[in-house]
2 protein chains.
Amino acid sequence: MAAQKPSVPKGTRDFSPVEMVKRNFIFDTIKDVFKRYGFLPIETPSMENLSTLLGKYGDEGDKLIFRILDSGDFIKEKGEILINRVLEKSSSVSGSSSCSGDISDGLRSEISEKGLRYDLTVPFARFVVQHLNEITFPFKRYQIQPVWRADRPQKGRYREFYQCDVDVIGSNSLLNEVELIQIIDDVFQKLNINAVIKLNNRKILAGIAEIIGEPDKIMDITIAIDKLEKIGKKGVYDELLGRGVDSGSVSLLNPILELRGDNFAKLSSLKEILKGSEIGLKGVIEVETVLNYFNTLTLKTELELDLTLARGLNYYTGAIIEVKAQDVEIGSICGGGRYDDLTGVFGLKDVSGVGVSFGADRIYDVMQQLDIFPKEIITSTKVLFVNFGEKEELYCLPLIKILRDRDISAEIYPDSSKMKKQMTYADNKNIPYVILVGEDEMQKKLITVKNMISGTQETVLFEDFLKMISQ
Amino acid sequence: MAAQKPSVPKGTRDFSPVEMVKRNFIFDTIKDVFKRYGFLPIETPSMENLSTLLGKYGDEGDKLIFRILDSGDFIKEKGEILINRVLEKSSSVSGSSSCSGDISDGLRSEISEKGLRYDLTVPFARFVVQHLNEITFPFKRYQIQPVWRADRPQKGRYREFYQCDVDVIGSNSLLNEVELIQIIDDVFQKLNINAVIKLNNRKILAGIAEIIGEPDKIMDITIAIDKLEKIGKKGVYDELLGRGVDSGSVSLLNPILELRGDNFAKLSSLKEILKGSEIGLKGVIEVETVLNYFNTLTLKTELELDLTLARGLNYYTGAIIEVKAQDVEIGSICGGGRYDDLTGVFGLKDVSGVGVSFGADRIYDVMQQLDIFPKEIITSTKVLFVNFGEKEELYCLPLIKILRDRDISAEIYPDSSKMKKQMTYADNKNIPYVILVGEDEMQKKLITVKNMISGTQETVLFEDFLKMISQ
């Protein structure tokens, strides 16, 4: 029988030990910070009912949901229904090929009622409504789990990837926004990534659209403003005209494009510009309130008011947050915002939430590119005992146990293979200490320790080695 | 619009913060032990190609694999092919309903080429072959990930559950079996579960079947022996006769059923009984070798030779291991064994592996039933600052930051809600210290600390509180 050539589905990945250790360093750092701020972990199932998922991510999103074929009973119970349905359809339209999409759509819902998690936000909203009586509000939760999207795979875009979400639900206080910004600051400090946090507010954008008389064109306006640096003021105007914004409205945008100075200078100009828009002013006050907290609380990461952030404009209602790495050209490494009606679709109205999501894959790429993973995390086993045979094994095993009981990872090569093979094993696994115990050492009750980094070797009491390595 | 009543698919679960903390305690304990022994983590994708999964778990297993509907392009590209195929089939058999299973089987493979991970062993074998050149053998890996089975859900059996696998691949040394037993001992010691480790060997069972002249009936014989305590010797004989074992053979089984004494007594009887079977004697020597190691290495968990272990008899070739909790009636909480040809199906012959898998869900149930989760893990936030308003907030935030920077989880209630509401929040989250800073405290540069466990309250310097809580 010809053996299969093994592979993984496109867009998915295996993670080797070295990758895992680095990924876990990122996840653990993020988790530790979340915990310090009193956030609690939850997990939801990988599969959700399609009724939970569909219609939450727009038409494009719906298409990207991986659907799970109904199992087991499917053949017996549904086979016939299915065929009848297809026959019915095909005869009623007399085999017209234009209907095939239609039929397979029908087929699809007939044979699948579950889908894979597409993000962590919708399952979280479902969780909150389903477990309402068990939850203490404000509910501060974090969730680190994979999500799946049937996107066309490409460099840096996968069909299975982890999201690290942290949200507060059930509190309108802007202190939550402040806390999330602190969390972002802490995480990237700890990861040693030089980042910039960009802050915007949906209400300011709504205000801008309102005062220039184009309240329905928030998105177009924001996207056009975003191109200012690249295409200049004239370019932005042309872009907006092309997007159907009236030329009179376009000229009203001028003061926005002229905004200069630091965050507070911008805010003070905006107050003037938006004085005719209630919602716009509300947005300015929100941003100002958040920024004022950082007069007392110092941030190490730069925090910048950026009116061009258009992220998630479809659902965010207040703050919009995005984080970029300063030293690497890559998309945002964290982002989020406030959504005033997170759980409405599941029947729980008027519950406001605010949260951000860390992009573990991009953070990994940034750290890899900058080569800033701490070297010490890569070491797995600290001590390898060379295996010289049965008698030596029995002598060494209790010593290994002592090391392990002190939480020092140690192993003995399982076979008495050639020395060279055992040393190569130590080399490949980056093991810093190799212990050699032969006839001579056993008699003298000593061990020979080879330091694999310095290359030096010395024969010592096990107790002395233990003291040295426990430090 | 009527809101959806939210729910999760049957057989799947949400995990609340309290459950998560307990589950993570189990996972972290297991991981820490794995690491001490020099095992390295890997992860594989949730979905594998069906060609990787099918045919590896028997016919029953194949049926329990969750299949993923091909995505995106499916409607346009496959719709028509699909319908033509169905039409073709149905016309060629003139609508006979007996063929529907056939057709929907065909349909199924037409529209699905991926399945969800069913266990961690097959993906691991695939991983080893795919990444052969990057791996140092013997390869000691652990893997903790969910698996999915379209089983009928029932109490304690889920459609999504975690497996915690630890395996050594590429070494025949029995030292690996010894290490796995040590790992089991360490894990259950740390979890405070009183367990018994049962050890068997496929070669001994083969030897028994051989000497009684029924080499093909290993499974029947083992299952029958397993019932000895329940149904007595006569019962076992009847059972075997019923399973088609010759009555002459059955009587040859007598010495096996008469085995008494400790492990070494049993081994010495087995040596006598199996002296006519080469493979049987080999099994005895293997078990003896493993047990002999524990003359030097003490185990805290009982280790018992148990000839009735029939676990995984289809694929294990040497050691068979199973662990039971002593104080709770529940199935095995850990199990595994040696398989001599793990990667053969993917084209890599003669690579022996040995490993065990910890059943996190059952371990959880055992610990829950015995109420042995350490109380301190349940605490999330250690310090809550009551929110008395804006001015107090600004005073408290830098203090909170100091706590967090020392890795003490702290939070401030995000709104200046009524005192009662804030205290209830602290209660529900099991927060041990609540800090009150009002006008008076701010003036005197003091804080009032309420100990939520003792109910006492005192006004102190923040620095003194910090010292106390950092200990």
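Here, every reference points to the structure presented above.
This is a predicted model, so every value here is computed, not measured.

Chemist: What exactly am I supposed to notice about the overall build of chain A here?
Modeler: Across its full length, chain A holds 19 helices and 16 strands. Against the globule reference of 23 Å for 471 residues, chain A gives a C-alpha radius of gyration of 30 Å, more extended than a compact globule. Restricting the contact set of chain A to residue pairs at least 6 apart, pairs at least 24 apart contribute 68%. Total accessible area on chain A stands at roughly 20,200 Å², and carbon and sulfur atoms take up 48% of it. Here chain A holds 61 positive side-chain charges and 70 negative ones, and the gap between their average locations is 3 Å.

Chemist: What is the right way to read helix α16 (residues 390–405) of chain A from this model?
Modeler: Note that an α-helix has 3.6 residues per turn; residues three or four places apart therefore point the same way. All names here are of chain A. Helix length check: α16 (16 residues) gives 23 Å between terminal C-alpha atoms against 22 Å at 1.5 Å per residue, within 8%. Roughly 30° is the biggest bend found in α16, and it falls at Cys396, with proline Pro398 one to four residues downstream. For α16, every residue scored as buried is listed here: Glu392, Glu393, Cys396, Leu397, Leu399, Ile400, Lys401, Leu403 and Arg404. Positive backbone phi, approximately 70°, marks Asp407, located one or two places after α16.

Chemist: Explain the interface of chain B and chain A here, please?
Modeler: Where the parts come together, the accessible area they lose is often given as the size of the interface. Residue-level contacts link 113 residues of chain B with 113 residues of chain A. Between chain B and chain A lies a buried interface of about 9,800 Å² when both sides are counted; carbon and sulfur atoms form 61% of it. If you look at where chain B meets chain A, you find 8 salt bridges. The salt bridge partner of Lys140 of chain A is Glu411 of chain B, with a shortest N-O separation of 3.0 Å. Joining chain B to chain A, the criterion identifies 33 residue pairs in polar contact (both at pLDDT 80 or more). Sorting elements by how many residues they give to the side of chain B that touches chain A places helix α4 (residues 74–92) of chain B first, with 9 residues.

Chemist: Which parts of the structure should I look at to understand helix α15 (residues 360–370) of chain B?
Modeler: Residue and element names in this part refer to chain B. Those residues of α15 lying buried are Ala360, Asp361, Ile363, Tyr364, Val366 and Met367. Buried positions along α15 lie against α1 (17–36), β6 (160–169), α7 (175–191), β9 (319–325) and β11 (353–358). Trailing α15 by a residue or two, Asp371 shows a phi angle of about 55°, which is positive.

Chemist: Sorry, what's going on with the packing of aromatic side chains here?
Modeler: Residues and elements named next belong to chain B. Per the stated rule, a full pass over the model turns up 24 aromatic pairs over all chains. Centre to centre, the rings of Phe124 and Phe139 are 6.0 Å apart; their planes meet at 35°, and the pair counts as tilted. Of this pair, Phe124 sits in helix α6 (residues 121–130) while Phe139 sits in strand β5 (residues 139–148), and the two are 15 residues apart along the sequence. Residue Phe124 is classed as buried on the basis of its relative accessible area of 0%. When its relative accessible area of 6% is taken as the criterion, Phe139 is described as buried. On the numbers, 6.4 Å between centres and 10° between planes, the contact of Phe127 with Phe139 is stacked. Taken together, the positions of Phe127 in helix α6 and Phe139 in strand β5 put the pair 12 residues apart, joining distant regions of the chain.

Chemist: Just to check I follow, could you spell out the environment of Val356 of chain B for this structure?
Modeler: Residue and element names in this part refer to chain B. Assignment of secondary structure puts Val356 in strand β11. Residues Val356 and Ile321, 35 residues apart in the sequence, show an inter-C-alpha distance of 7.5 Å. Not counting residues within four places of it along the chain, the set of residues in contact with Val356 comprises Cys164, Asp165, Val166, Leu180, Ile184, Ile321, Cys334, Gly335 and Gly336.

Chemist: When you look at the pattern of salt bridges in this model, what are you seeing that I'm missing?
Modeler: For side chains of opposite charge, pairing can occur when their charged atoms come near one another. As enumerated under the stated definition, the model contains 55 salt bridges over all chains in all. A salt bridge links Glu411 of chain B to Lys429 of chain B; the shortest N-O distance between them is 2.8 Å. Residue Glu411 of chain B is located in strand β13 (residues 410–412), and its partner Lys429 of chain B is located in the loop between α17 (419–428) and β14 (433–436); the two are separated by 18 residues in the primary sequence. The network of salt bridges with common partners includes Lys140 and Glu179 of chain A together with Arg404, Glu411 and Lys429 of chain B.

Chemist: What exactly am I supposed to notice about the sheet that holds strand β7 (residues 195–201) of chain B here?
Modeler: In a beta sheet, neighbouring strands are held together by backbone hydrogen bonds and run either parallel or antiparallel to one another. Residues and elements named next belong to chain B. Strand order across the open sheet formed by 8 strands is β1-β5-β6-β11-β10-β9-β7-β8, with mixed pairing between neighbours. Edge positions in the sheet fall to β1 (40–41) and β8 (302–305), since each of these pairs with one other strand and no more. When β5 meets β6, the two strands line up antiparallel, connected through 10 bridges. Residue pairing across strands places Trp148 opposite Glu160, the latter belonging to β6.

Chemist: Got a minute to help me understand the pairing of strand β16 (residues 457–460) of chain B in this structure?
Modeler: If a strand is regular, its side chains alternate between the two faces of the sheet. Residues and elements named next belong to chain B. Bridge analysis of strand β15 (residues 447–451) against β16 gives 4 bridges, and the strand direction is antiparallel. From the neighbouring strand, Val449 faces β16, where its bridge partner is Glu458. With antiparallel pairing between neighbouring strands as the criterion, β15 and β16 make up a hairpin whose turn holds 5 residues, including Gly455 at a positive phi of roughly 85°.

Chemist: Would you take a moment to explain the sheet that holds β15 of chain B for this structure?
Modeler: Residue and element names in this part refer to chain B. Read from one edge to the other, the open sheet built from 5 strands follows the order β13-β12-β14-β15-β16, with strand pairing classed as mixed. The open sheet terminates on both sides in strands that have one partner only, identified here as β13 and β16. Here the strands of the sheet are splayed against their neighbours by 25° on average, with no regard to which way each runs. Of the strand pairs in this sheet, β14 and β15 are connected by 4 bridges, and their pairing is antiparallel.

Chemist: Help me understand the packing of helix α13 (residues 263–273) of chain A against helix α14 (residues 278–296) of chain A, please; the structure alone is not making it clear to me.
Modeler: Helix-helix packing is characterised by the crossing angle of the two axes and by the distance between the axes. All names here are of chain A. One can describe the packing of α13 onto α14 by two numbers: an axis separation of 10 Å at closest approach and a directional angle of 160°. By the angle class used here, α13 and α14 are roughly antiparallel. Our pair here, α13 against α14, has a crossing hand that is left-handed. Counting all contacts with α13, which are made through Asn263, Phe264, Leu267, Leu270 and Lys271, the residues of α14 involved are Leu281, Val284, Ile285, Val287, Glu288, Leu291, Asn292 and Asn295.

Cut-offs used in this document
- Residues numbered from 1 in each chain as written.
- Chains lettered and ligands numbered in written order.
- Predicted model: local features only at pLDDT ≥ 70, side-chain atom pairs only at ≥ 80, totals over all residues.
- Heavy atoms only, no water.
- Helix = DSSP H or I, 4+ residues; strand = E, 2+ residues; numbered from the N terminus.
- Rg over C-alpha atoms; globule rule 2.2 N^0.38 Å.
- Contact = heavy atoms within 4.5 Å.
- Areas by Shrake-Rupley, 256 points an atom, 1.4 Å probe, with all protein chains shown as cover.
- Lys, Arg positive; Asp, Glu negative; His and termini not counted.
- Charge placed at Lys NZ, Arg CZ, Asp CG, Glu CD.
- Expected span 1.5 Å × (residues − 1).
- Bend = angle between axes of the 7 residues up to and from the residue.
- Buried < 20%, exposed > 50% of the residue type's maximum accessible area, 1.4 Å probe, protein only.
- Buried area = accessible area lost by both parts, 1.4 Å probe.
- Salt bridge = Lys/Arg side-chain N within 4 Å of Asp/Glu carboxyl O.
- Polar contact = N/O pair within 3.5 Å; in protein donor to acceptor, adjacent residues only side chain to side chain.
- Phe/Tyr/Trp six-rings, centres within 6.5 Å; stacked < 30°, edge-to-face > 60°.
- Pairing = 2+ DSSP bridges.
- Axes fitted to C-alpha atoms, helices over the stretch in contact; angles between N-to-C directions.
- Parallel < 35°, antiparallel > 145°, perpendicular 65-115°, else oblique.
- Left-handed = near helix turned anticlockwise from the far one by under 90°.

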